[in-house]
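# Summary of structural features
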Amino acid sequence: MNSNGLKLRLVIGLVMAGMALLSYYGKTQENPLTGEKQQVSLSPMEEVAMGLQSAPQMAQEYGGLYPDDKVQQEIKAIGRELVQTFNNEVESFGHGNPYQFDFHVLRDPQTVNAFALPGGQVFITVGLLSRLKSKDQIAGVLGHEIAHVVYRHSSEQMAKSEFYQGLAGAATAAAGDMGASQIANYVAQMKLMKFGRDDELESDEFGVKYMLKAGYNAESMIEVMEILAEASGGRSRDEFMSSHPSPDNRIGRIKEHIEKYKKEMR
């Protein structure tokens, strides 16, 4: 490859990287609940629509909804209490909550999991629910998932994914070989994993804060971490290669948050 060809590839790569950067920062919005400036791919209304549209298919992947209406209503009541506690606070600052929260128990007895879709649809598997021993522990799980919606983590991840894919494409164009593409994609994936860990820790803090404000025992969040560690078989994981922090790391942070918010509420 002559020098002109190399220069052309470099120029193309730089242009593609610049376009990815402009596109990413062109997605800056102010979070209507936190006031934080974020790069997000969707508006709050689009997040709600995506969540509502995706919820039935997502439930189906876990065997559908758990068929006990009493259990469903108990989970909805805990989740709505936490949301109302949060809403009361943000409304005092003149904010309205654009998200439509609802809470669902999934039939899957094997999978130990809880997750939230953009816009407010929150799910917990009966596999996880059956391991929880109190309403406080349930509140800890649901508070954590509510936070993912409030902080718009899914929409942020979409924007970040598009950005890093754009940078990976620029690196491939500049280098002109598949080896560079594979390395660039690996780096992009590692970056997104780091963002994922930060999101989890941020959501843990939110869960502690609003558990306390709603009158739940925030120490139950520590018990939830222990339950999750046990469910994983006690296997230690390399935190760098995981989207979730290790349970030990999370427990240490949770203890700090409990002490902080208890002092603030005295």
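The structure we're discussing is the one just above.
Now for a quick tour of the structure.

The rules we used
Residues numbered from 1 in each chain as written. Predicted model: local features only at pLDDT ≥ 70, side-chain atom pairs only at ≥ 80, totals over all residues. Heavy atoms only, no water. Helix = DSSP H or I, 4+ residues; strand = E, 2+ residues; numbered from the N terminus. Expected span 1.5 Å × (residues − 1). Buried < 20%, exposed > 50% of the residue type's maximum accessible area, 1.4 Å probe, protein only. Arc of directions from axis to C-beta. Salt bridge = Lys/Arg side-chain N within 4 Å of Asp/Glu carboxyl O. 1 Å grid on protein atoms, 1.4 Å probe; cavity = no way out; pocket = protein on both sides within 12 Å on 5 of 7 lines; lining within 4 Å. Points joined across faces, edges and corners; volume = space filled by probe spheres on them. Bend = angle between axes of the 7 residues up to and from the residue. Lys, Arg positive; Asp, Glu negative; His and termini not counted. Pairing = 2+ DSSP bridges. Axes fitted to C-alpha atoms, helices over the stretch in contact; angles between N-to-C directions. Contact = heavy atoms within 4.5 Å. Polar contact = N/O pair within 3.5 Å; in protein donor to acceptor, adjacent residues only side chain to side chain.

### Digging into helix α9 (residues 247–265)
Spanning 19 residues, α9 covers 26 Å between terminal C-alpha atoms, matching the ideal 27 Å at 1.5 Å per step. Along α9, the residues classified as buried are R250, I251, I254, H257, I258 and Y261. Axial view of α9: buried residues confined to an arc of 125°, hence all on one face. Turned more than 90 degrees away from the buried face of α9, the exposed residues are D248 and E256.

### Here we look at the pattern of salt bridges
Inspection of every chain in the model, using the stated rule, returns 11 salt bridges. Between D102 and K76 there is a salt bridge, and its shortest N-O distance comes to 2.9 Å. Taken together, the residues D102 in strand β3 (residues 102–106) and K76 in helix α3 (residues 69–92) connect sequence positions 26 residues apart. For the pair D102 and K76, one class covers both residues: buried. Its salt-bridge partner being D204, residue R250 comes within 2.8 Å of it at the nearest N-O pair. On the criterion of sequence distance, the pair formed by R250 in helix α9 and D204 in helix α7 (residues 178–213) is long-range, its members being 46 residues apart. The same class applies to R250 and to D204, which are both buried. Overlapping salt bridges, with partners in common, bring together K76, R80 and D102 in one network.

### Considering empty space enclosed by the protein
In this structure the tally under the stated criterion is one cavity of 30 Å³ or more. When its volume is computed, the largest cavity comes out at roughly 40 Å³. What lines the largest cavity is E47, A116, L117, P118, G119, H148, V149, R152, H153 and S154. When contributions to the lining of the largest cavity are tallied by element, the ones reaching two or more residues are α5 (135–150) and α6 (153–175).

### Regarding unusual backbone geometry
Positive phi, normally seen in glycine, also occurs at R152, with a value near 60°. As for its placement among the helices and strands, R152 is situated in the loop between α5 and α6.

### Here we look at helix α2 (residues 44–61)
An α-helix turns once per 3.6 residues; consequently, residues spaced three or four apart project the same way. The end-to-end C-alpha separation of α2 is 25 Å, in line with the 26 Å expected for 18 residues at 1.5 Å each. The sharpest bend along α2 measures roughly 40° and falls at A55, with the proline P56 sitting one to four residues further on. Listed as buried for α2 are P44, E47, V48, G51, A55 and A59. Note on α2: the residue one or two positions beyond its end, G63, has a positive phi of about 85°.

### Focus: the side chain of E145
Counting through the fold element by element, E145 comes out in helix α5. It is R250 that comes nearest to the buried, bridge-free E145 among opposite-charge side chains, at 7.0 Å.

### What to know about the environment of L129
Along the chain, L129 falls in helix α4 (residues 126–129). Under the relative-accessibility criterion, L129 is labelled buried at 13%. Through-space distance from the C-alpha of L129 to that of P109 is 9.0 Å; in sequence the pair is 20 residues apart.

### What to know about the environment of E259
Locating E259 in the fold gives a position in helix α9. On the basis of relative accessible area, E259 is assigned to the partly exposed category, the value being 47%. Between the C-alpha atoms of E259 and V208, which are 51 residues apart in sequence, the distance is 9.9 Å.

### Brief notes about the sheet that holds β3
Taking strand neighbours across the sheet as the criterion, the three strands line up as β3-β5-β4 in an open arrangement whose pairing is mixed. Across the chains shown, the open sheet's two edge strands, defined by having one partner strand only, are β3 and β4 (114–116). With direction set aside, neighbouring strand axes in the sheet form an average angle of 15°. For β3 and strand β5 (residues 121–125), the ladder comprises five bridges, and the chain directions are parallel. Its bridge partner being in β5, H104 is matched across the sheet by F123. Each of β3 and β5 is contacted by α3, which is oriented at about 145° to β3, the strand it contacts most. Along the sheet, α5 contacts β3, β4 and β5; its crossing angle with β4, the most-contacted strand, is approximately 25°.

### Points about the environment of R152
Look at R152 and you get buried, because its relative accessible area is 1%. Along the sequence, R152 and S41 sit 111 residues apart, while their C-alpha atoms lie 9.9 Å from each other. Not counting residues up to four positions away in its chain, the partners in contact with R152 are Q29, E30, N31, P32, Q38, V40, L42, S43, P44, E47 and Y99. Side-chain polar atoms of R152 contact the side chain of E47, separated by 3.0 Å.

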